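# A closer look at the structure
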Amino acid sequence: YCTFNYNELPVSHGDNAPEAVRYLIQVHLFAPTGTNTATLRRGIKNALLGSGCTYPSATNMSDADGQHWILECDYVDGDV
C-alpha cells in the first residue's frame, strides 16, 4: 500500500506575495519482505513525472518487518 505527505513552500516572491507554491512530496510504498517492487516503484515514479513532478529519488527504509520505500519529488504550482 501507499501513503503520501507533502509540504507547501511559497516561492518567487514579488510585491510581498508568492508567485508560486513549491510542493515537497513524499510517497511511501509499503510491501511484504521478499516482494519484488521494482516494477511498481518504476510505475509510481513515471506517474509522478507524468503529472508534472520532478523525477523522484528513492530511499530504501526497509527493515525486518517489511519493505518501506520513500519516493521524493517536487512540484511547482503557479496558480496561487
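The sections below set out a description of the structure shown in this document. Throughout, residues of each chain are indexed from 1 in the direction in which the sequence is written. Since the coordinates come from a predicted model, pLDDT governs what is reported: local features require at least 70, and pairs of side-chain atoms require 80 or more to be given and counted, while whole-chain, interface and lining totals use all residues. Excluded from the side-chain calculation are hydrogens and water; included are all heavy atoms of the structure.

## Here's the deal with the overall build of the chain
Filter applied, for reference: Under the scheme used here, helices are H or I runs from DSSP no shorter than 4 residues and strands are E runs no shorter than 2 residues, and both carry numbers assigned from the N terminus. Our radius of gyration looks at C-alpha atoms and nothing else; its globule reference is 2.2 Å times the residue count to the power 0.38. For each residue, the accessible area found with a 1.4 Å probe, counting protein chains only, is set against the maximum for its type, and the residue is called buried under 20%, exposed over 50%, and partly exposed in between. Residues are treated as being in contact if the distance between any of their heavy atoms lies within 4.5 Å. For accessible areas, the Shrake-Rupley method is used with a probe of radius 1.4 Å. Any residue's cover is judged against the shown protein chains and nothing else.
Counting secondary structure elements, the chain contains 1 helix and 4 strands. For 80 residues, the compact-globule estimate of 2.2 N^0.38 gives 12 Å, and the C-alpha radius of gyration of the chain, at 15 Å, exceeds that figure by more than 25%. On the principal axes, the C-alpha backbone points of the chain span a range of 55 × 25 × 15 Å. A burial count over the chain gives 28% of its 80 residues as buried. In the chain, once contacts between residues fewer than 6 apart in sequence are set aside, the share between residues at least 24 apart is 50%. Carbon and sulfur atoms form 53% of the exposed surface of the chain, whose accessible area is close to 5300 Å².

## Focus: helix 1 (residues 38-50)
Because the α-helix completes a turn every 3.6 residues, residues three or four places apart line up on one side. We count it as follows: In this scheme, a helix's expected span is set at 1.5 Å multiplied by one less than its residue total. Note that the arc is computed from the directions linking the helix axis to the C-beta atoms.
Spanning 13 residues, helix 1 covers 18 Å between terminal C-alpha atoms, matching the ideal 18 Å at 1.5 Å per step. Taken together, the buried positions of helix 1 are occupied by R41, I44, K45 and L48. Burial along helix 1 is one-sided: seen end-on, the buried residues are contained in an arc of 100 degrees. Residues T39 and G50 are exposed on helix 1 and point more than 90 degrees away from its buried face. Where the residues of helix 1 are buried, they touch strand 1 (2-14), strand 2 (17-31), strand 3 (57-60) and strand 4 (67-77). One or two steps after helix 1, the chain reaches G52, where phi turns positive at roughly 105 degrees.

## A look at the nonpolar core
Spelled out, the test is: What makes a nonpolar core is a set of buried Ala, Val, Leu, Ile, Met, Phe, Trp, Tyr and Cys residues whose side-chain atoms join them at distances within 4.5 Å.
V21, Y23, I25, V27, L29, I44, L48, C53, W69, L71 and C73 together form the largest nonpolar core, which totals 11 residues. Residue assignment for this core shows that the elements contributing at least two residues are strand 2, helix 1 and strand 4. Setting aside its immediate chain neighbours within four residues, L71 contacts I25, Q26, V27, R41, I44, K45, P56, S57 and A58.

## Focus on the packing of aromatic side chains
Which entries qualify depends on this criterion: Geometry of aromatic contacts follows a simple scheme: Phe, Tyr and Trp rings, the Trp one being its six-membered ring, pair when their centres are within 6.5 Å, and the pair is stacked under 30 degrees between planes, edge-to-face over 60, tilted otherwise. By the criterion adopted, a ring carries a charge over it if an Arg CZ or a Lys NZ lies within 6 Å of its centre and within 35 degrees of its normal.
Going through the model one piece at a time under the given rule, you end up with 3 aromatic pairs. Between Y23 and Y75 the ring centres are 6.1 Å apart and the planes differ by 40 degrees, which places this aromatic pair in the tilted class. Placement of the pair is Y23 in strand 2 and Y75 in strand 4, with a sequence separation of 52 residues. Assessed through its relative accessible area of 17%, Y23 is described here as buried. Residue Y75 is classed as partly exposed on the basis of its relative accessible area of 28%. Chaining the aromatic ring pairs together yields one cluster made of Y6, Y23 and Y75. A cation sits over an aromatic face here: R41 above W69, 3.8 Å from the ring centre.

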